[in-house]
Amino acid sequence: MKQVYKFRSIYFLYGILTVAILFTITWKTSASGIQQPDFRKPLTNTRAAGDTIKPLLPNDRPVPGAVASRDTNKLTIPDTTAPRQKTDTFALKISKDSMDAPLRYAAEDSAVILVAGKKVILYGKTKTEYKDITLTAPKVEVDQQTQVVTAVNAKDSSGMVLETAHFKSGENDFTSDTIKYNFKSQIGLTKNTYTTTPDGTLIIGDVVKKVNANTTFVKGARFTTCLLDDPHFDIKSNKMKVVNQKLAVSGPAHLEFEGVPIPIYLPFGFYPLSQGRHSGLLRPNFVTDEVRGLGLSGLGYYKVLGPYWDAQISGDIYSYGEWAAGLRATYRKRYKFNGGLSVTLRSSKLNFKNDPDFSKTRVFNISWNHAMDGKARPGVNFSASVNAGSTKFNQLVPGNPFVNYQNILGSSITYSKSWRDKPFNFSLSATHSQNNNLRLINVTLPNATFTLNTIYPFQRKDGAGTPKWYEKLGVAYNGTFFNNISFYDSLGYGKNGVKSFIRHILDTSQWTSQHSIPITLSLPPILGGRILVAPGINYSQTWIQKVTNYTWNEALKRVDTTTSNGLYIDHTGSISLSFNTALFGTFQFKKSKKIEAIRHVVRPTIGFSYTPDLNRRHVKQVQVDTTKRKLSYNEVGGTVYYNAVNRKSASMTFGVDNNLEMKKRMKKDSSDAETPSNNKVKLIEGFGFNGSYNFIADSLNLSNINIYFRTTLFEKISINAQTTLNPYQRDKLGYDIAKYAWQGGKFSLGQLTTGSISLGTNFQSKPKDPKKDAERKKQAQQRLNDPSLIADQQRLLDYMQQNPGEFVDFNISWQLSLNYSLSFFNRPKPDYSGFENDFTSGVSFNGSFNLSPKWKLSSSGSYDFNTKKVQYITMSINRDMHCWQMSINVIPVGFTRSFNFTISPKATLLQDLKINRTRNFTTGY
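How each quantity is defined
- Residues numbered from 1 in each chain as written.
- Predicted model: local features only at pLDDT ≥ 70, side-chain atom pairs only at ≥ 80, totals over all residues.
- Heavy atoms only, no water.
- 1 Å grid on protein atoms, 1.4 Å probe; cavity = no way out; pocket = protein on both sides within 12 Å on 5 of 7 lines; lining within 4 Å.
- Points joined across faces, edges and corners; volume = space filled by probe spheres on them.
- Helix = DSSP H or I, 4+ residues; strand = E, 2+ residues; numbered from the N terminus.
- Nonpolar A, V, L, I, M, F, W, Y, C, P; charged D, E, K, R; others polar.
- Phe/Tyr/Trp six-rings, centres within 6.5 Å; stacked < 30°, edge-to-face > 60°.
- Buried < 20%, exposed > 50% of the residue type's maximum accessible area, 1.4 Å probe, protein only.
- Lys NZ or Arg CZ within 6 Å of the ring centre and 35° of its normal.
- Pairing = 2+ DSSP bridges.
- Salt bridge = Lys/Arg side-chain N within 4 Å of Asp/Glu carboxyl O.
- Contact = heavy atoms within 4.5 Å.
- Patch = residues over 30% accessible without salt bridge, like charges linked within 9 Å, V, L, I, M, F, W, Y side chains within 5 Å.
- Areas by Shrake-Rupley, 256 points an atom, 1.4 Å probe, with all protein chains shown as cover.
- Core = buried A, V, L, I, M, F, W, Y, C linked by side-chain atoms within 4.5 Å.

Chemist: I keep staring at empty space enclosed by the protein and nothing clicks. Help me out?
Modeler: Where empty space is left becomes clear once a probe the size of a water molecule has been rolled over the atoms. Tallied over the full model, the rule gives two cavities of 30 Å³ or more. Empty space within the largest cavity amounts to approximately 320 Å³. Taken together, 26 residues make up the lining of the largest cavity; nearest its centre are Asn-172, Thr-195, Thr-216, Val-242 and Asn-244. Among the secondary structure elements, those contributing two or more residues to the lining of the largest cavity are strand S11 (172-176), strand S13 (188-196), strand S14 (202-210), strand S15 (215-224) and strand S16 (233-243). Looking at which element gives the most residues to the lining of the largest cavity, the answer is S14, with five residues. Of the residues that constitute the lining of the largest cavity, the class distribution is 11 nonpolar, 12 polar and three charged. Counting only elements with at least two residues in the lining of the second largest cavity, the list comes to strand S12 (178-182), S13 and S14. Tallied by class, residues from the lining of the second largest cavity come to six nonpolar, three polar and three charged.

Structural data, given as structure tokens:
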């Protein structure tokens, strides 16, 4: 009896062990995606035929390499053919409830496997991976039967959450207190969940149900851009549906600030979550203007036209009848081209119709930027930078003193082509410049240039041996053609405005063509390489459309100007020879001094040139005043080219440039090793003069002397100065006489006729976070170096000028920049009765400092010493509210005065959710 019981126990243990092994095999293979075996089919194994041969007969030949077996009747032969595939009938059948990918898990603490319940429980910083799903939590339970994973957070004895559960699937990423997820159906249910979208939006939900890979339903939803556990603000709704990377739609919603609800409800909420550009309406700003009345600014529509184009139409409208409309389009194709076009129309009114001072003005402005990638078409380039419009446009822009005082505008459109392996270059361009103060507009259209690079006709092809002197003889060609048009914006053209304007353009149009053939010769340095010698020959022709003549009007006591149209050719030629070298001087200090040495570099240049007068008949004289004073002039040129009156010259040019540097003695560290860090200081970056002396002139042989100076003191204060010195004495009317300034017993170097000086400095504190500041500078430099971002950079600068309060760097505690400029010019009076001096000087400043870590005060301004008036002053106060920002901008003095208050979220998604109050005033003078 005992023996039977013993065998039965053995059979029972053996059965349990067999079932456990089979269950383990089934669970592992189903988890790893291996086909499960079907135990209902018999296990068979088919052997390949031909493994043995029949007994060897007497007449049979022995096979080479055959090996005799133990059985004398059989002989084993090595199989020299390819191995045959054996078919194994042991098949695995996948269970219907098995996973289609392996489930991997890990835990730092422990893992408990419940075989009977087919569950695995993980403890301590667990990590579970399935396909693209990654689940981390302090505790995870995996149910093999239902394929549901449950993750919970960890709390301390007081109920505080120590560690949360984190779920990531593809682009979905959220954190919860409790997570239940079915791997098979991809349906999940979480509690107290928050997730962050790629654009920085935070969605918080009490209960979240994920129904598929892209759709999620949220109960008790809060939508915010404040990335805190307890956000400062949110948009709250009881129900919300979120489609990943597309949008979120909610039921009735309202705002909450610091947990306090705002009693303003919206019937539904629509929140775009997709990245990239999207078409839609542009929210306007409410504006109050003393002259224009109440208005809406920035009302418009943004449209995405395709992958490379987009456009924005916006406008302003005021209650007193003024309006503005603008179109802005941008385009970009990677590795091809990029640019932007902006057209703005503005209608302005002053007073009402029946008022005697009523006036109505319509102005426009066009801005276009285009850049072509150099890789698109090697050798060809097309670029454009256009900023043109009515001369009064900038004055009528409200609330922007930077634009109001921008009086000089310029444009350029250029097409250029260079031929590969050929010395030819061609460019075609159009330029524009306008002075808004004088209301003068100059347009050059077209402007063509053809250049033949220097070629060496006597140079040997093989280039072997030392080249002869004549092999370095080079010849080049430069040809230009341009047409200049000048007119005043203030001119009226009567009833036939367009025809009169075209007629005026044709009358003022002047074209000019110039051809130049420079011949150069590169000679070896002389005196052991200390002096460089550069001879040259140049011949040029200038084809001009008209000549200008001056005559004295005895009746009106003035000089009259007349022009004659035709084709006139002006010939010029010159021969030159120049020498230049560099002299170095160093003064060494004693080793006990902090200064090691001071080095002075002098670069003198001297040259000789001869210019014959090939067109003497064009040099004429005219009486300029009642004293019978006469001046010589060249009738060829007009306002396009002004050539020297004395066409024949044999001149010597001279100049000296100086550079002064100081070298500090290098400090030694604790290891007595010298550390060369910033030991060179430039005391004077450049200082010198240049001029010329004409040996064959009948008088006034010495030209004016140009003097310049530039340096940077203490690496903070930059100084630039230049002036022109007249070395001759003057009569009572201010004209030069044939006496040097130092003759006549009174020593003087001469009189300064023109000059300018500018000083600028910038001081700022060290950044609080150096890494953040370095990253900001790196991004700014990348925008400047990337040609494809030129248009975006310009639009960003324009927006920064109009909205300075939105671009405040709290990382810099304080900053101050000062600039001063002074210029003067000694010019002849309109009636040639003498000379008069024009002085302009002004100072500008820009500074900011942090009142506290979250408050910043900024200000900028300009003062004109000529008018003794403040040009403008701007002041702004900014508050960093973590996820929001507040700015107060005031322009108390200027062409237009204004007040602006803005409070808005920082996130671009909610940029239209802002409170804005703007009011403009007329100027006080």
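Chemist: When you look at the packing of aromatic side chains in this model, what are you seeing that I'm missing?
Modeler: Both the distance between ring centres and the angle between the ring planes are used here to describe each pair of aromatic rings. With the rule as written, the count across this model stands at 24 aromatic pairs. With centroids separated by 6.0 Å and ring planes inclined at 55°, the aromatic side chains of Tyr-331 and Phe-337 adopt a geometry described as tilted. The exposure class of Tyr-331 is buried, given its relative accessible area of 10%. Residue classification places Phe-337 among the partly exposed residues on the basis of a relative accessible area of 32%. Seen from their ring centres, Phe-587 and Phe-589 are 5.0 Å apart, and the 85° between their planes marks the pair as edge-to-face. Overall, the relative accessible area of 51% leaves Phe-587 in the exposed class. The rings of Tyr-130, Phe-167, Phe-174, Tyr-181 and Phe-183 are connected pair by pair, giving a single aromatic cluster. Over the ring of Tyr-335 we find Arg-334, and its NZ or CZ is 5.9 Å from the ring centre. Lys-417 extends its terminal NZ or CZ atom over the ring of Trp-419, reaching a point 5.4 Å from the ring centre.

Chemist: How do you make sense of the pairing of strand S19 (residues 260-266) when you look at a structure like this?
Modeler: On any regular strand, side chains alternate: one points to one face of the sheet, the next to the other face. Burial analysis of S19 places just zero of its seven residues in the buried class, a small minority of the element. Sheet topology places strand S18 (residues 253-257) next to S19; four bridges connect them, and they run antiparallel. Paired with Glu-256 across the bridge in S19 is Pro-261. Linking S18 to S19, which pair antiparallel, is a turn of two residues; within it Glu-258 sits at a positive phi near 55°.

Chemist: In this structure, what is going on with the pattern of salt bridges? I would like to understand it.
Modeler: Close approach of charged atoms lets side chains of opposite charge pair. Scanning the entire structure with this criterion turns up 14 salt bridges. With its nearest N and O atoms 3.5 Å apart, the salt bridge here joins Arg-222 to Asp-234. Of this pair, Arg-222 sits in strand S15 while Asp-234 sits in strand S16, and the two are 12 residues apart along the sequence. Asp-234 sits in the buried class, given a relative accessible area of 3%. We note a salt bridge from Asp-657 to Arg-603, for which the minimum N-O separation is 4.0 Å. With Asp-657 in strand S40 (residues 649-664) and Arg-603 in strand S37 (residues 595-611), this residue pair connects regions lying 54 residues apart in the sequence. For Arg-603, a relative accessible area of 39% translates into the label partly exposed. Each of Asp-289, Arg-292 and Glu-322 takes part in one network of salt bridges that share partners.

Chemist: Sorry, what's going on with the environment of Leu-266 here?
Modeler: Topologically, Leu-266 is positioned in strand S19. Distance from Leu-266 to Pro-252, taken between C-alpha atoms, is 5.5 Å for residues 14 residues apart in sequence. Ignoring sequence-local partners within four residues, the contact set of Leu-266 consists of Gly-251, Pro-252 and Ala-253.

Chemist: Looking at this structure, how should I read the pairing of strand S30 (residues 424-435)?
Modeler: As paired strands, strand S29 (residues 408-418) and S30 are joined by 11 bridges and run antiparallel to one another. Paired with Tyr-415 across the bridge in S30 is Leu-428. Remark: five residues form the turn of the hairpin made by S29 and S30, two consecutive strands paired antiparallel; Asp-421 in that turn has positive phi of roughly 60°. Sheet analysis places S30 next to strand S31 (residues 440-455), joined by 11 bridges and oriented antiparallel. When the sheet's bridge partners are listed, Phe-426 is paired in S31 with Phe-450. The antiparallel hairpin formed by S30 and S31 contains four residues in its connecting segment, where Arg-439 sits at a positive phi of about 60°.

Chemist: How do you make sense of a nonpolar patch on the surface when you look at a structure like this?
Modeler: Together, Phe-286, Leu-294, Leu-296, Leu-299, Ile-317, Trp-323, Leu-341, Leu-345, Phe-364 and Ile-366 make up a nonpolar patch on the protein surface, roughly 840 Å² of accessible area in all. Those elements that place two or more of their residues in the nonpolar patch are strand S23 (293-304), strand S26 (337-350) and strand S27 (359-372). In terms of residue count, the dominant contributor to the nonpolar patch is S23 (three residues). With respect to the helices, strands and loops of the structure, Trp-323 is situated in strand S25 (residues 323-333). Assessed through its relative accessible area of 33%, Trp-323 is described here as partly exposed.

Chemist: Help me understand the nonpolar core in this model?
Modeler: Soluble globular proteins: nonpolar side chains tend toward being buried together. Grouped together as the largest cluster of nonpolar side chains are 20 residues, with contacts concentrated most on Phe-223, Phe-233, Met-240, Val-242 and Tyr-271. Listed by contribution, the elements that provide at least two residues to this core are S14, S15, S16, S18 and strand S51 (884-893). For this core, the element with the most residues is S16, which contributes four residues. Sequence-distant contacts of Tyr-271, defined by excluding residues within four places in its chain, comprise Phe-223, Ile-235, Met-240, Leu-247, Ala-248, Ser-250 and Ala-253. Membership of the second largest hydrophobic core comes to 18 residues, among which are Leu-103, Tyr-130, Ala-137 and Val-140.

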